[in-house]
Amino acid sequence: MDERKRRMIQNRITPIDLFKLTPKTNCGQCGQPTCLAYATQAVVGEIPLGSCPHLDSQGLEGLQSRLDRQLEAGIGRKREGFEKTLEFLRAELAGWDLEALGPHLGAEVERDPHTGRVRLTLPYLDDVVHISPSDVVSLSDREINPWEKIFLFNYVIGGAVEPSGIWVGMESLPNSISKIKSLRSHCEEPLAKAFPSDRYALARAASPWFVELEADDGGADWAGQCRVLPKVPLRLLWWAEDPQDGFPARVKFLFDERVLETLDLESLLFACEQVTERIMKRHSQGRS
Ligand code: SF4
């Protein structure tokens, strides 16, 4: 590797560098669900740096030319962006006392038989994962993607509180305005469109993760509850379309009132996206 490229790699703009310049409000104006998503996408040239209207325009010029040079030199591929974020979270996690934290997270604490280091065993949707500062590994040998690793590290770092048992919509959670739109367009509307009238099709597609509820307070035609992580339950309510009155099908996610003491809003949205993706995938496989 030549000296110029080595220097460029050392001084490259990373997603974390860019993330630190954002206001971290996750307003969604850049078209990304979170500031972290914006930073990881912009740094690899997937979206323009200027997509975020809240960055200082003068500083942006210098940043843009540095970024152009590093992308031209082939530095900053997508994978590297995720890796940089994970590196940051791993370093954070290394300073936490996992043994003390485990019971609060609903995790089992054990020692890795190979390294002797403490690791957590956590149920995650229909999987079980080992989490240690060095990695997240699925016990079912499924590949855990970098976004899931970031989500799971965030759960551990954020700590967790006991759910209150009181269910609310996202609109009742503080500072959630930008996320409500994303939840609707990424999750609730696609699900309503995929399941306009057949409650059994929805119940079937959701069955690996959701337990059907006998009754719910909102008068939904179907309601189910799933546990994304031990302290993160979710509810899904579904109303069938009413062609006579011209009402389309409707879906709504409900959360525990205390969920933001456990997860940040962007992680919560990610959890809903994971659930939606799995239901949609199972539904389309069932039809093919
Ligand atoms: S536009 Fe994007 S990067 Fe900028 S503050 Fe809003 S979510 Fe964050």
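Residues numbered from 1 in each chain as written. Predicted model: local features only at pLDDT ≥ 70, side-chain atom pairs only at ≥ 80, totals over all residues.

Caption draft 1: Spotlight on the pairing of strand β8 (residues 232–239). Here β8 lies mainly inside the structure; six of its eight residues are buried. Looking at chain direction, strand β7 (residues 222–229) and β8 are connected through seven bridges and run antiparallel. In the strand pairing of β8, Leu-229 is matched with Val-232. In sequence, β7 turns back onto β8 through a hairpin of two residues. Relative to strand β9 (residues 250–256), β8 runs antiparallel, the two being bridged by six bridges. Note on β9: the bridge partner recorded for Trp-239 is Arg-250. (Buried ≥ 20, exposed ≤ 12 C-beta atoms within 10 Å, placed from the backbone. Helix = DSSP H or I, 4+ residues; strand = E, 2+ residues; numbered from the N terminus. Pairing = 2+ DSSP bridges.)

Caption draft 2: Structural detail: the site of the ligand. Taken together, 13 residues are adjacent to the ligand, and Cys-27, Cys-30, Cys-35, Tyr-38 and Cys-52 come closest. Here the shell around the ligand is composed, by residue class, of six nonpolar, seven polar and no charged. (Near = placed C-beta within 6 Å. Nonpolar A, V, L, I, M, F, W, Y, C, P; charged D, E, K, R; others polar.)

Caption draft 3: Layout of unusual backbone geometry. Of note, Lys-24 is a non-glycine position whose phi angle comes to about 60 degrees, a positive value. Using a count of 15 C-beta atoms within 10 Å as the deciding quantity, one classes Lys-24 as partly exposed. Even without being glycine, Asn-175 reaches a positive phi, approximately 55 degrees. Checked against the element boundaries, Asn-175 lands in the loop between β5 (167–168) and α8 (177–194). In this structure Asn-175 comes out as exposed when scored by C-beta crowding, with 11 C-beta atoms within 10 Å.

Caption draft 4: Broad picture of the sheet that holds β9. Strand order in this open sheet of five strands is β5-β9-β8-β7-β6, and the pairing throughout is antiparallel. A strand with exactly one partner marks an edge of an open sheet, and here the two such strands are β5 and β6 (210–212). Along the sheet, helix α9 (residues 199–206) contacts β6, β7 and β8; its crossing angle with β7, the most-contacted strand, is approximately 15 degrees. (Contact = placed C-beta atoms within 7 Å. Axes fitted to C-alpha atoms, helices over the stretch in contact; angles between N-to-C directions.)

Caption draft 5: View of the sheet that holds strand β2 (residues 118–124). In spatial order, the strands read β1-β2-β3-β4; together these four strands make up an open sheet with antiparallel pairing. Either end of the sheet is taken by a strand with one partner, and the two such strands are β1 (108–111) and β4 (135–138). On average, each strand axis in the sheet is tilted by 30 degrees relative to the strand beside it, whichever way the strands run. When β2 meets strand β3 (residues 127–132), the two strands line up antiparallel, connected through five bridges. Among the inter-strand pairings, Pro-123 is bridged to a residue of β3, identified as Val-128. Along the sheet, helix α6 (residues 98–105) contacts β1 and β2; its crossing angle with β2, the most-contacted strand, is approximately 15 degrees.

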